[in-house]
Amino acid sequence: MKTLLVTILCVAIALALAALLAATPGRPANLARLATPTACPSATPEPFWVDPVTSPTERLTQTVQVYLGNCEVVTVTAESGVFTATAPCYPAPAPVTVSLRPNTTHHLLASGQVRIVEHGGCIYGDYTLSTGRDRFGQPLIITQVFTPTVILYLPWVGR
């Protein structure tokens, strides 16, 4: 009988302590969550690629098409500067217009920032992907060949 009373008393104290902890501000009500943290599943990599560029070209600009899933911003860096476009970048591409210096070979590096995504208490994203190659593995190189336009004015001879 004495053992039964001690057991009942211990159970009552444990229940009272659990209720007190659950009611304390700043503490989670579900104590089981503290004992068994949830493991977040691994995220799949975001799709990232760049369409081929046109080279050589006589133009002084070229639009580079960059695809990136959950894109926040994409950047193309070249000898002529740094050029940026914002989301959306997938499934439609982010068009990045790159200025080209005359008579210069431009080596492009495309980079994309993946935005932060929260799903089921797990946080994904917040990383950068970069490439210097197009989706077929070819280097992102544009050679600008400047061809000046010559206009000849011939005198008009009227008779």
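Here, the structure is the one placed above.
About the thresholds
Residues numbered from 1 in each chain as written. Predicted model: local features only at pLDDT ≥ 70, side-chain atom pairs only at ≥ 80, totals over all residues. Heavy atoms only, no water. Helix = DSSP H or I, 4+ residues; strand = E, 2+ residues; numbered from the N terminus. Buried < 20%, exposed > 50% of the residue type's maximum accessible area, 1.4 Å probe, protein only. Polar contact = N/O pair within 3.5 Å; in protein donor to acceptor, adjacent residues only side chain to side chain. Contact = heavy atoms within 4.5 Å. Pairing = 2+ DSSP bridges. Axes fitted to C-alpha atoms, helices over the stretch in contact; angles between N-to-C directions. Phe/Tyr/Trp six-rings, centres within 6.5 Å; stacked < 30°, edge-to-face > 60°.

Colleague: Would you mind showing me how to read the side chain of Asp51 here?
Modeller: Checked against the element boundaries, Asp51 lands in the loop between β1 (48-50) and β2 (61-68). In this structure Asp51 comes out as buried when scored by relative accessible area, which is 15%. A distance of 3.4 Å separates polar atoms of two side chains, one belonging to Asp51 and the other to Tyr67. Only 3.0 Å separates the side chain of Asp51 from the side chain of Arg135, close enough to count as a polar contact. Ignoring anything within four residues of it in the chain, the contact list for Asp51 reads Gln65, Tyr67, Asp134, Arg135 and Leu140.

Colleague: Honestly, the pairing of strand β7 (residues 109-114) in this entry has me stumped. Any pointers?
Modeller: Each regular strand displays side chains that alternate between the two surfaces of the sheet. Alignment of strand β3 (residues 71-78) against β7, held across six bridges, turns out to be antiparallel. Among the inter-strand pairings, Val73 is bridged to a residue of β7, identified as Gln113. Here five bridges tie β7 to strand β10 (residues 127-131), and the two strands are oriented antiparallel to one another. Each bridged residue has a counterpart across the sheet, and for Val114 the counterpart in β10 is Tyr127.

Colleague: Got a minute to help me understand the sheet that holds β3 in this structure?
Modeller: What holds strands together in a sheet is hydrogen bonding between their backbones, with the strands either parallel or antiparallel. Taken together, four strands build an open sheet; the order of strands is β4-β3-β7-β10 and the sheet is antiparallel. One side of each edge strand has no neighbouring strand; the edge strands of this open sheet are β4 (81-86) and β10. Taken pair by pair, the neighbouring strands of this sheet meet at an average axis angle of 20 degrees, ignoring direction.

Colleague: Explanation requested: the packing of aromatic side chains in the structure shown.
Modeller: Given two aromatic rings, their pairing is described by the distance between the two centres and the angle made by the two planes. Under the definition given, this model contains one aromatic pair. Judged by centre distance (4.6 Å) and plane angle (15 degrees), the rings of Trp49 and Tyr67 are stacked. Of this pair, Trp49 sits in strand β1 while Tyr67 is found in strand β2, placing the two residues 18 residues apart along the sequence.

Colleague: Quick question: what am I supposed to make of the sheet that holds strand β5 (residues 94-99) here?
Modeller: Here we have three strands laid out as an open sheet, ordered β1-β2-β5, and antiparallel in their pairing. Whereas interior strands pair on both sides, the edge strands pair on one side only; in this sheet they are β1 and β5. Between one strand axis and the next, the sheet turns through 25 degrees on average, direction left out of account. Here β2 runs beside β5; their pairing, made up of six bridges, is antiparallel. Within β5, the residue paired with Thr61 across the bridge is Ser99.

Colleague: Got a minute to help me understand the environment of Ala87 in this structure?
Modeller: On the secondary structure map, Ala87 appears in the loop between β4 and β5. Considered as a pair, Ala87 and Val114 are 27 residues apart in the sequence and their alpha carbons are 10.0 Å apart. Residues contacting Ala87, with those up to four places away along its chain left out, are Cys71 and Glu72.

All quantities given are derived from atomic positions and should not be read as evidence of function.
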